[in-house]
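Architecture at a glance
Each chain, letter by letter, is given below.
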Amino acid sequence: MEPTNSLPWIIFELQQQLYAVSTARVTGIAQMPSLTFVPNAPPEFLGVTSIRGNVTPVLDLKKLLNLSDNREETAKAAKLLAKKIEGMTEYVKEISRCLKAKEEFCVSDTDVFFGDKFDKAFISDRSEVSDHIAEAQTLEAELLKKIGEAKSAPEKLREAESCGKKLIRALNSAHEKIIDDSYKMLIFLSDVPGSVEACLCFVVDKVRAVDELEMIEKKNGNRCLYMSGYISGVAHNEKIKGEILIADDKEIVKMVHVYNKSVEETKMAGSKNGLEYI
């Protein structure tokens, strides 16, 4: 199986899986704007946005592909980390104050959020965040050890201060990565190849590249899982590691008819009840 056109492909990520869509129908890529919710819209749509003066429905490709959506988990993880960073910053500030004043450090460990109180399940599918969290947990254990040693050897408090600062940097790195991972992009599609007018757009986690692809031969039955619905094949790219699933743009743009039908039915129902839609 070969690509159906010689145009380059837009390679993007959803839930850390690579996908690609042909540029034949792509009319643009944009940062995720604010969306307007549409009552009674099909569940596959998040709302609408304005592109070049036209109201364009926004498709949730994750829902269309039956992928889990971890937006709530991501927000919760970011909130937990922010609270932990705040508590740890105050903890280390008190260490520094005690060092400067030559006082004994006596803040309880329960005053900050240590160890397993942070649930790694929220970010288990994000290796870079998990790495930062693992580093932070190692530093937490080291910090607690040094704080304990400082009770009998006050000079260890200086080492605890240094360890605490490293811990805060690791936590900040994890928090920044989670925020970066929640950053979204929109890819706009036309229902007519070569047209500049978008009929819908879909949300992706990240656009990785615009490049050529080489299709992979079907060597086992497992690949049949990808050869139906909205995925038409599997490919790879010389510069990006990992299999790339080919999103069927022709099938995806058909979703605009599902959206339009739902909107029309809603308008008709509203008219019967004396409501007027703009």
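This write-up is about the structure you can find in this document. Just so we're clear, the structure is a prediction, and the values are computed from it rather than from any experiment.

This part takes up the pattern of salt bridges. What the rule picks out here adds up to 15 salt bridges. Note that Glu140 and Lys84 form a salt bridge whose closest N and O atoms lie 2.3 Å from each other. Of the two residues, Glu140 sits in helix H3 (residues 127-150) while Lys84 sits in helix H2 (residues 71-101), which places them 56 residues apart along the sequence. Each member of the pair, Glu140 as well as Lys84, is classed as buried. Between Glu161 and Lys165 there is a salt bridge; the shortest N-O distance is 3.8 Å. With a gap of 4 residues between them, Glu161 and Lys165 both fall in helix H4 (residues 156-181), about one helical turn apart. Linked by salt bridges that have partners in common, Lys146, Glu149, Lys156 and Glu159 make up one network.

The tendency in soluble globular proteins is for nonpolar side chains to be buried as a group. If you look at the biggest cluster of nonpolar residues, it comprises 30 residues, and the most contacted ones within it are Phe12, Leu59, Leu61, Ile187, Leu189, Phe202 and Ile252. Counting residues per element, this core draws most heavily on helix H6 (residues 255-272), at 4 residues. For Phe12, the residues in contact, after removing those within four places along its chain, are Gln17, Leu18, Tyr19, Ala20, Val21, Leu61, Ile187, Phe202, Val204, Lys206, Val207 and Arg208. Residues Ala78, Phe105, Cys163 and Ile168 belong to the second largest nonpolar core, which totals 27 residues.

As a further point, take the sheet that holds strand S3 (residues 26-31). The strand order across the open sheet formed by 5 strands is S3-S6-S7-S5-S4, and the pairing between neighbours is mixed. Two strands bound the open sheet, and with one partner strand each, they are S3 and strand S4 (45-51). Averaged over all pairs of adjacent strands, the angle between strand axes in this sheet comes to 30°, irrespective of strand direction. By the bridge criterion, 6 bridges tie S4 to strand S5 (residues 54-59) in an arrangement that is antiparallel. Directly across from Gly47, in S5, lies its bridge partner Val58.

Counted by the stated rule, this structure contains 4 aromatic pairs. Look at Phe12 and Phe202: their rings are 5.6 Å apart centre to centre, the planes differ by 55°, and that puts the pair in the tilted class. One end of the pair, Phe12, is in strand S1 (residues 9-14); the other, Phe202, is in strand S7 (residues 200-204), with 190 residues separating them in the sequence. On the accessibility criterion, Phe12 (0% relative accessible area) is buried. Judged by its relative accessible area of 0%, Phe202 falls in the buried class.

On to the sheet that holds strand S11 (residues 244-247). Taken together, the 6 strands give an open sheet; going across it, the order is S8-S1-S2-S11-S10-S9, and neighbouring strands pair in mixed fashion. Strands with a single pairing partner mark the edges of an open sheet, and in this sheet they are strand S8 (206-211) and strand S9 (214-215).

In terms of residue burial, S1 counts as a mostly covered element, since 6 of its 6 residues are buried. Alternating positions in S1 separate into two faces, Trp9, Ile11 and Glu13 on one and Ile10, Phe12 and Leu14 on the other, with burial throughout. Across 6 bridges, S1 lies against strand S2 (residues 17-22) in antiparallel orientation. Looking across to S2, one finds that Phe12 is bridged to Tyr19. Where S1 hands over to S2, the hairpin turn is made up of 2 residues, of which Gln15 adopts a positive phi near 55°.

The next thing to look at is the side chain of Glu161. We classify Glu161 as buried; its relative accessible area is 9%. Polar side-chain contacts of Glu161 include one of 3.2 Å to the side chain of Arg158.

Thresholds, definitions, all that
Residues numbered from 1 in each chain as written. Predicted model: local features only at pLDDT ≥ 70, side-chain atom pairs only at ≥ 80, totals over all residues. Heavy atoms only, no water. Salt bridge = Lys/Arg side-chain N within 4 Å of Asp/Glu carboxyl O. Helix = DSSP H or I, 4+ residues; strand = E, 2+ residues; numbered from the N terminus. Buried < 20%, exposed > 50% of the residue type's maximum accessible area, 1.4 Å probe, protein only. Core = buried A, V, L, I, M, F, W, Y, C linked by side-chain atoms within 4.5 Å. Contact = heavy atoms within 4.5 Å. Pairing = 2+ DSSP bridges. Axes fitted to C-alpha atoms, helices over the stretch in contact; angles between N-to-C directions. Phe/Tyr/Trp six-rings, centres within 6.5 Å; stacked < 30°, edge-to-face > 60°. Polar contact = N/O pair within 3.5 Å; in protein donor to acceptor, adjacent residues only side chain to side chain.

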